[in-house]
Amino acid sequence: MSKIVDMDLFMSGIETLLGEGKEVKMTPKGTSMLPFIKGDRDSVVLTTPSRPLEVGDIVLARVGERYIMHRVFAVNGEDLTLMGDGNICGTESCSATDVIGLVKEIHKENGKVVKPGKATFWRFLKPFRRYILFIYKRVII
């Protein structure tokens, strides 16, 4: 059974729970984190970051009026560049203070629980993502 909830109210609740030191499990939407997180199928467990964010971390952040779950692509002091694994170009910028949560676990649709890696090889493949994702979306999904 699913319910439709106002996004701002939902995210406010997540921020409150994380601020209280609790973990939150949620199901992200969209394809921006393919192939590592399938929107509407996989779910993630979020925690409050307890260490400085690093390149490769998957975070939930508030960027302007939007909330996004993307991977940290670059760190420059407190400034972060974020990019979804399923994106072939385009990045978002935010401050470390805009990060709401850090993905601790990915719960796959088959029940498997995965600790998120840093996706170093996937970031290296950025010039080829267009082709890899094209095949992935046509053949695997």
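Refer to the preceding data block for the structure.
All values reported here derive from a predicted model rather than from experimental measurement.

1. Overview of the pairing of strand E5 (residues 79-83)
Alright, step 1. Across five bridges, the pairing between strand E4 (residues 66-76) and E5 is antiparallel. Paired with Val-72 across the strands is Leu-82, a residue of E5.
Alright, step 2. Between E4 and E5, which pair antiparallel and follow one another directly, the connecting turn spans two residues, one of which, Gly-77, has a positive phi of 70 degrees.
Alright, step 3. Where E5 lies against strand E6 (residues 92-95), four bridges are found, and the strand directions are antiparallel. Residue pairing in the sheet places Leu-82 in a bridge with Glu-92 of E6.

2. Digging into the pairing of strand E3 (residues 58-63)
Alright, step 1. E3 sits mainly inside the fold: five of its six residues count as buried.
Alright, step 2. Judged from the six bridges that link them, E3 and E4 form a sheet pairing that is antiparallel. Note that in E4 the partner of Ala-61 across the bridge is Ile-68.
Alright, step 3. Where E3 folds back onto E4 in an antiparallel hairpin, the turn is made up of two residues, including Gly-64, whose phi is positive at roughly 65 degrees.
Alright, step 4. Sheet topology note: the E3/strand E7 (residues 99-107) ladder contains three bridges and is antiparallel. Opposite Ala-61, over in E7, you have Val-99 as the bridge partner.

3. Digging into the environment of Glu-92
Alright, step 1. With respect to the element layout, Glu-92 can be found in strand E6.
Alright, step 2. Classification of Glu-92 as buried rests on a relative accessible area of 14%.
Alright, step 3. Expressed as a C-alpha distance, the spacing of Glu-92 and Val-72, which sit 20 residues apart in the sequence, is 9.6 Å.
Alright, step 4. Once residues within four sequence positions are removed from consideration, Glu-92 is found in contact with Val-63, Arg-66, Ile-68, His-70, Leu-80, Thr-81, Leu-82 and Met-83.
Alright, step 5. Polar contacts involving the side chain of Glu-92 include one to the side chain of His-70, which spans 3.0 Å.

4. Comments concerning the packing of aromatic side chains
Alright, step 1. Evaluated as defined, the whole model comprises two aromatic pairs.
Alright, step 2. Pairing Phe-36 with Trp-122 gives two aromatic rings, centres 5.8 Å apart and planes at 85 degrees, and the pair type is edge-to-face. Residue Phe-36 is found in the loop between strand E1 (24-26) and strand E2 (43-47), and its partner Trp-122 is found in helix H2 (residues 120-124); the two are separated by 86 residues along the sequence.
Alright, step 3. For Phe-36, a relative accessible area of 32% puts it in the partly exposed group.

5. A word on a nonpolar patch on the surface
Alright, step 1. A cluster of nonpolar side chains, contributed by Val-5, Met-7, Leu-9 and Phe-10, occupies part of the molecular surface with about 380 Å² of accessible area.
Alright, step 2. Structurally, Val-5 is set in the segment before helix H1 (7-19).

6. Considerations on the pattern of salt bridges
Alright, step 1. Taken as a whole and assessed by the stated rule, the structure comprises 13 salt bridges.
Alright, step 2. Two residues, Lys-38 and Glu-109, come together in a salt bridge whose shortest N-O distance is 3.4 Å. Placement of the pair is Lys-38 in the loop between E1 and E2 and Glu-109 in the loop between E7 and strand E8 (113-114), with a sequence separation of 71 residues.
Alright, step 3. When its relative accessible area of 17% is taken as the criterion, Lys-38 is described as buried.
Alright, step 4. Note that Glu-54 is salt-bridged to Lys-118, the shortest N-O span being 3.0 Å. One end of the pair, Glu-54, is in the loop between E2 and E3; the other, Lys-118, is in the loop between E8 and H2, and 64 residues separate them in sequence.
Alright, step 5. With relative accessibility at 38%, the residue Glu-54 sits in the partly exposed group.
Alright, step 6. Through salt bridges with shared partners, a single network forms among Arg-51, Glu-54, Asp-57 and Lys-118.

About the thresholds
Residues numbered from 1 in each chain as written. Predicted model: local features only at pLDDT ≥ 70, side-chain atom pairs only at ≥ 80, totals over all residues. Heavy atoms only, no water. Pairing = 2+ DSSP bridges. Helix = DSSP H or I, 4+ residues; strand = E, 2+ residues; numbered from the N terminus. Buried < 20%, exposed > 50% of the residue type's maximum accessible area, 1.4 Å probe, protein only. Contact = heavy atoms within 4.5 Å. Polar contact = N/O pair within 3.5 Å; in protein donor to acceptor, adjacent residues only side chain to side chain. Phe/Tyr/Trp six-rings, centres within 6.5 Å; stacked < 30°, edge-to-face > 60°. Patch = residues over 30% accessible without salt bridge, like charges linked within 9 Å, V, L, I, M, F, W, Y side chains within 5 Å. Areas by Shrake-Rupley, 256 points an atom, 1.4 Å probe, with all protein chains shown as cover. Salt bridge = Lys/Arg side-chain N within 4 Å of Asp/Glu carboxyl O.

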